[in-house]
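Spelled out from the first residue to the last, the chains are:
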Amino acid sequence: MSSSLAIQVEELGKLYRLGEIGTGTLSHDLSRWWARVRGREDPFATVGEANDRTQKGQSDYVWSLKDVNFEVKQGEVLGIIGRNGAGKSTLLKILSKVTAPTTGRVKVKGRIASLLEVGTGFHPELTGRENIFLNGAILGMSKAEIRSKFDEIVDFSGVERYIDTPVKRYSSGMYVRLAFAVAAFLEPEILIVDEVLAVGDAEFQKKCIGRMKDVSINDGRTVLFVSHNMGAVSQLCTRGLLMKFGSVLASGPLDEVMNRYLREGTISSSEYHTLDDQAKPVQILDFTIEDANNEISSSFGHEDQIIVGFRIKDISNDIGVICSLGLQDIHERKIFTEQIDLGKGYTSHMVQLPVGLLRPNSFRLSVAIHIPNVKVIEILDSMSFEIVDRGSEFSIYGNTDNGFLFSRLGWKITNE
Amino acid sequence: MDTTNVLTKPEQLSTESSAQEDSWTEVIQPRTGLLDLGLADVWRYRDLVMLFVRRDFVSTYKQTILGPIWFFIQPLLTTLTYVVIFGNIAQLSTDGMPQLLFYMGGITIWNYFAQTLTSTSTVFTANAHIFGKVYFPRLTMPLSIVLSNLVRFGIQFALFLMFWVYFLVTTEVVRPNAFILLTPLLVVLMGLLSLGLGMIFSSLTTKYRDLAMLLTFGVQLLMYATPVIYPLSSLSPKYQWLIIANPVSSIVETFRYAFLGAGTFSWGMLGYSALMTLLILMVGTIVFNKVQKSFTDTV
C-alpha cells in the first residue's frame, strides 16, 4: 500500500565535479549558464560517468548517485550498506537536505531529523547545559521541547556532574555521550543515522543501539541507518539496501541483501584474473580460492581443504615489498593477517588454510602488496567464500553464532 | 562543485502518485522557485535564532577579565583616536559640533553596519562544518548575527546617549530635533542593508574566495566614502552626489542630524537609501536561498 510510505525516492541523481575548484570554474559556470539560457542540456552533465573510484575516468564530472529509486514504508528500519564511495553518504546528505540533488526527487511524509555526526554545533566555550539547548535547537527541537526532556537527556548521557562545565573540559567520551543523548531524544517521524555509533565505548554503543531499537520498534518511527558495522546493522534493521557505484544493487530483507553485499565484488568472488599491465611494475595477476581437486570454489564444508593461490608480478626497483594475506568475517573484522617478503619477478604463491580451522560462516580474503610505512601498492579484498556446516557437533544449534574458529582446547576432566 | 542547477529534467508525475500527492509533507528536488524562501521554516526555528544570539554573547567574552565592558571600550578608544588624528592633527570639520560627540555618533552607527556586514559575509564559509552535517533554515544564521549586533549597537548607543546628554546640558551647540523619532527606522534600515549585502557576499564567497579578500579592506575603504569622520557639508557640492550614491551615507548623516542638529537631511536621500536597502535585501535573500541548497559541494 502506497499510503503507508514514509519516503519515496524517484530517479535521484547527484553529479559531482572532481579535482580542484579554481581556475576554470568561472568559464565552466559561464558556459553552463549560456547553455541554460538557450535551453540546452548542461554541457558537463552529459559526460558524467559512473562512480568507480578505482578506475581512472575520462571525465571531470562523476555521478555520485544515478537513477536511485526506492521506497521506505512507515515504521521500517532500513539499513543502507555498500563499500566506501558507493554513494551512501551522498544519499543521506540529500535526504537530510544538506545538499540538493541534481536530478530526480524525494518525497517525504513527516519530519526528518538527521544525525550525520554527533554534537554538530557544540560550542566548546558553552557549558553542557547550554549546549544541550543549542544542539537540540539545531536538530529541530523547540526550547520547550528540550526543557521537558532535559532531565532524561542528562540522565541518559551520564555526565550530570559536569553539566555546568564548558564542554571543552570534557573528555572525548563524555562529549560524545552528551551529544548522542541530545539526539536520542529527538522525536521526528523519520530518523536518519550515519555511522555515529562508531564512537564511544562498548557499553555506550549498546545503550545507543538499545535506544534506537526502542525508537523504531516501540514508537513505530522510520529509521534509515548507514553503517559499516554489520553487527549493528543486523541488530537494528529489518530491511537492507545495497549500493554500488551510486546505484541501488539490491534491496529487500536484510539477510538477502547482506549476503549479496558479501559476495559482491568487482569480479567473481573466488577467482580473479587480470592482464599484465606494462604500466604497473607491481601487480596482482591472479587470485583463486580452490578446493582439494584444484577446482575454483566459493563454498566449502567445514572440514574441507581450502587452497588460496595467487600470482604476483614485481619488476619494480622498490625494496622491501611485502605481500600480506588477511581473512575477515562478515562484519569486516580481521581474523588474521600473515605476511611474506615478495620475491622479484613473477612469483606464484599457494597457501593452505588449516583444515577444520574455520567454523560455518562467511569470510572474505584479502591480498595486499605494500611497502611497510611507505605505501600501499594494491589491495584486492573482494574474494569471499563460505564455510557450510556438514554436520559438525554444533550443527544441532542451527544458526546460532558460535564464533569463527574451531578452538580445540585441551580439556582435562578429573572425577572427584 | 556546484551541480544542483546542472540538469533540468521535466518532472512528470505518474498518475498513481499524483492521486496521493497531498499527503507528502515535503518534496526534495533539484530546484525550487526563486521566491520559495521558506520563511515559515525560519519562524519555526526562532528558538534557534535566539540561542545563536546567546551563544555569540556568551562565547565572545568568556575568559576575558573585563567581559562585556569591552563593548564600551571599543567605541570609546576609537572615538578618542579619531579625535586626536582627524580632529586635532588633520583638523577636519565637524560642522561646529564637539569632536567627541561628532565622531562617536558616526562610529556607533557605522560600527553596527560594518560589524554586521563582516560577520554575515562569512556565514557560509565559517559554518560549513555545521551546515554540512545538519539541516536547519540557513537564514537563521545571518538573522541571528543581525540581532546580536543590534544588541551590541544598543549598548554602544547607550554610551553615546550618555555623552550626548552631557553635552546637551553643558553646551548650547547641540540642537536635537524631531527627526530623532526616525532613529528606529534608521537602525532597521542599517540592519537590513548590512544583512542584504552580507548575504550577497557570503553566497558568492562559497565559490569565489577572492571576494572575502575584497570585503575586508572594502569595508574600511567604504567608511571613507561615508560621512563618518567628516560631515557631508564639508565636500564641494560637485562631489557630494558621489558620497550620496552610497546608500549608507544618508543613514549616517540623518542619524547625526537628528541628534546633533548639524548636517544635511533630505527625504529624497533617505528614500533612496530605503529603496536601495529593499532592493539589496531582496537580491541578497534570493541569492542566499539559491546558494544554501548546494553550497556544501563548493565550499
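Values in this document were obtained by computation on a predicted structure and should not be read as measured data.

Quick notes on the overall build of chain B
Secondary structure summary: chain B contains 13 helices and one strand in total. When the helices and strands of chain B are listed from N to C terminus, the series reads α-β-α-α-α-α-α-α-α-α-α-α-α-α. With the C-alpha coordinates of chain B rotated into their principal frame, the extents come out at 80 × 50 × 35 Å. Split into buried and exposed, the 299 residues of chain B put 49% on the buried side. Long-range pairs, those at least 24 residues apart, make up 80% of the contacts in chain B between residues at least 6 apart in sequence. Carbon and sulfur atoms form 69% of the exposed surface of chain B, whose accessible area is close to 13800 Å². Each charge class in chain B was averaged separately, 17 positive and 15 negative side chains, and the resulting centres sit 8 Å apart.

A word on unusual backbone geometry
All names here are of chain A. Positioned with a positive phi, Glu-11 is a non-glycine residue whose angle comes to about 50°. Positionally, Glu-11 belongs in strand S1 (residues 5-17). Although it is not a glycine, Asn-294 adopts a positive phi angle of roughly 60°.

Quick look at the sheet that holds strand S9 (residues 239-244) of chain A
Residue and element names in this part refer to chain A. In spatial order, the strands read S6-S7-S8-S4-S9-S10; together these six strands make up an open sheet with mixed pairing. With partners counted over all chains shown, the strands left at the sheet margins are strand S6 (112-115) and strand S10 (247-253), one partner each. Looking at each pair of strands side by side, their axes are set apart by 15° on average, direction ignored. One ladder, built from six bridges, connects S9 with S10; its direction is antiparallel. When the sheet's bridge partners are listed, Leu-242 is paired in S10 with Ala-250.

Here we look at the packing of aromatic side chains
By the definition in use, this model includes 32 aromatic pairs over all chains. Consider the rings of Phe122(A) and Tyr175(A), whose centres lie 5.1 Å apart with planes at 65°: the pair is edge-to-face. Linking Phe122(A) in the loop between S6 and helix H3 (128-138) with Tyr175(A) in helix H5 (residues 172-184), this pair joins segments that are 53 residues apart in sequence. Residue classification places Tyr175(A) among the partly exposed positions, given a relative accessible area of 29%. The interplanar angle of 25° and the centroid separation of 4.7 Å between the aromatic rings of Phe124(B) and Phe288(B) together place this pair among those described as stacked. Of this pair, Phe124(B) sits in helix H6 (residues 123-126) while Phe288(B) sits in helix H13 (residues 267-292), and the two are 164 residues apart along the sequence. Pair check on accessibility: Phe124(B) and Phe288(B) agree, each one buried.

Considering the pairing of strand S4 (residues 77-81) of chain A
Residues and elements named next belong to chain A. For S4, the tally of buried residues reaches five of five residues, placing the bulk of the element in the interior. Here S4 shows no split at all, with Val-77, Gly-79 and Ile-81 on one side and Leu-78 and Ile-80 on the other all buried. Two strands pair when backbone bridges link them, and S4 and strand S8 (residues 222-226) are joined in this way by four bridges, in the parallel orientation. Across the sheet, the residue bridging to Leu-78 is Leu-224, located in S8. Judged from the four bridges that link them, S4 and S9 form a sheet pairing that is parallel. Across the sheet, residue Ile-81 finds its bridge partner in S9, namely Leu-242.

What to know about the domain arrangement of chain A
For chain A, the domain assignment lists domain 1 (2-11 + 67-111 + 188-262) and domain 2 (271-392). For domain 1 of chain A and domain 2 of chain A, the distance between their C-alpha centres works out to 32 Å.

Observations concerning the UniProt feature "transmembrane region" (unreviewed entry) in chain B
Feature annotation in UniProt places "transmembrane region" (unreviewed entry) on residues 69-89, 109-131, 143-167, 179-204, 211-232 and 265-288 of chain B, given in this structure's numbering. In the segment residues 69-89 of chain B, helix accounts for 95% and strand for 0%; the C-alpha atoms at its two ends are 29 Å apart.

Some words on a negative patch on the surface
Residue and element names in this part refer to chain A. On the surface, a cluster of negative charge is made up of Asp-151, Glu-152, Asp-155 and Glu-160. Positionally, Asp-151 belongs in helix H4 (residues 143-157). According to the relative accessible area criterion, Asp-151 is exposed, its value standing at 62%.

Notes on the UniProt feature "domain: ABC transmembrane type-2" (unreviewed entry) in chain B
As recorded in UniProt, the feature "domain: ABC transmembrane type-2" (unreviewed entry) lies at residues 66-291 of chain B. Each end of residues 66-291 of chain B is marked by a C-alpha atom, and these two atoms are 39 Å apart; helix forms 73% of the span and strand 0%.

Digging into the packing of H3(A) against H4(A)
Residue and element names in this part refer to chain A. For the pair H3 and H4, interaxial distance at closest approach is 10 Å and the crossing angle is 130°. With respect to their mutual orientation, H3 and H4 come out oblique. Where H3 crosses over H4, the two elements pack in a sense that is right-handed. Two secondary-structure elements touch here, H3 through Arg-129, Ile-132, Phe-133, Gly-136 and Ala-137 and H4 through Lys-143, Ile-146, Arg-147, Phe-150, Ile-153 and Val-154. Tallied by class, the residues present in the contact of H3 with H4 amount to seven nonpolar, one polar and three charged.

Quick look at the packing of helix H5 (residues 99-120) of chain B against helix H8 (residues 140-170) of chain B
Residues and elements named next belong to chain B. Where H5 meets H8, the closest approach of the two axes is 9 Å, and the angle between their N-to-C directions is 175°. Judged on the interaxial angle alone, H8 and H5 are roughly antiparallel. Of the residues in the contact of H5 with H8, the class split is 16 nonpolar, nine polar and one charged.

Considerations on the environment of Ile284(A)
Residues and elements named next belong to chain A. When you line up the elements, Ile-284 lands in strand S12 (residues 282-290). In this structure Ile-284 comes out as buried when scored by relative accessible area, which is 0%. For the pair Ile-284 and Ile-377, spaced 93 residues apart in sequence, the C-alpha to C-alpha distance is 9.8 Å. If near-sequence neighbours (up to four positions away) are discounted, Ile-284 is found in contact with Tyr-272, Thr-274, Arg-311, Ile-312, Val-367, Ile-369, Glu-378 and Leu-380.

Some points on the environment of Thr108(B)
Residues and elements named next belong to chain B. Considering the arrangement of structural elements, one finds Thr-108 in helix H5. The exposure class assigned to Thr-108 is buried, which follows from its relative accessible area of 1%. Here the alpha-carbon distance between Thr-108 and Lys-238, two residues 130 residues apart in the chain, equals 28 Å. The residues touching Thr-108, leaving out its near neighbours within four places in the chain, are Phe-153, Gln-156, Phe-157 and Phe-160. Within the structure, Thr-108 has its side chain in polar contact with the backbone oxygen of Met-104 (distance 2.6 Å).

Parameters at a glance
- Within every chain, residues take consecutive numbers counted from 1 along the sequence as written.
- Labels are handed out in written order, letters beginning with A for the chains and numbers beginning with 1 for the ligands.
- In keeping with the predicted nature of the model, local features appear solely for residues at pLDDT of at least 70, side-chain atom pairs appear and are counted solely at 80 or more, and the whole-chain, interface and lining totals rest on all residues.
- Only hydrogens and water are set aside when side-chain values are computed; all heavy atoms of the structure are taken into account.
- Helix and strand assignments follow DSSP, with helices taken as H or I runs no shorter than four residues and strands as E runs no shorter than two, numbered in order from the N terminus.
- Each residue is placed in one exposure class: buried if its accessible area under a 1.4 Å probe, protein chains only, is under 20% of its type's maximum, exposed if it is over 50%, and partly exposed if it falls in between.
- Between two residues, a contact is recorded if the distance between any of their heavy atoms is within 4.5 Å.
- Here, Shrake-Rupley sampling with a 1.4 Å probe gives the accessible areas, and only protein chains in the shown set may cover a residue.
- The charge count includes Lys and Arg as positive and Asp and Glu as negative, but it does not include His or the ends of the chains.
- Lys charges are placed at NZ, Arg charges at CZ, Asp charges at CG and Glu charges at CD.
- Strands pair, by our definition, only if DSSP identifies at least two bridges between them.
- Simply put, an axis is a line fit to the C-alpha atoms, just over the touching stretch for a helix, and the angle between two N-to-C directions goes from 0 to 180 degrees.
- Any two of the Phe, Tyr and Trp rings considered here, Trp counted by its six-membered ring, make a pair once their centres fall within 6.5 Å; the pair's planes then place it as stacked at under 30 degrees, edge-to-face at over 60, or tilted in between.
- All the domain ranges listed were derived from an automatic or database domain assignment.
- UniProt positions are given in the numbering used here, feature names are shortened, and annotations may be inferred rather than shown by experiment.
- Exposure above 30% relative accessible area and the lack of any salt bridge qualify a residue for a patch; like charges then connect within 9 Å, and the nonpolar side chains Val, Leu, Ile, Met, Phe, Trp and Tyr within 5 Å.
- The rule for a salt bridge is simple: a side-chain nitrogen of Lys or Arg has to be within 4 Å of a carboxyl oxygen of Asp or Glu.
- Each angle is binned into one of four classes, with values under 35 degrees roughly parallel, values over 145 roughly antiparallel, values of 65 to 115 roughly perpendicular, and all other values oblique.
- Left-handed is the label given to a crossing in which the near helix is rotated counterclockwise from the far helix by less than a right angle, and right-handed is the label when the rotation is clockwise.
- Asp, Glu, Lys and Arg are counted as charged, while Ala, Val, Leu, Ile, Met, Phe, Trp, Tyr, Cys and Pro are counted as nonpolar; the rest, among them Gly, fall into the polar class.
- Within 3.5 Å is the distance limit for a polar contact, defined as a pair of N or O atoms, with the added protein rule that one can donate a hydrogen and the other accept it, and that residues adjacent in sequence qualify only through two side-chain atoms.

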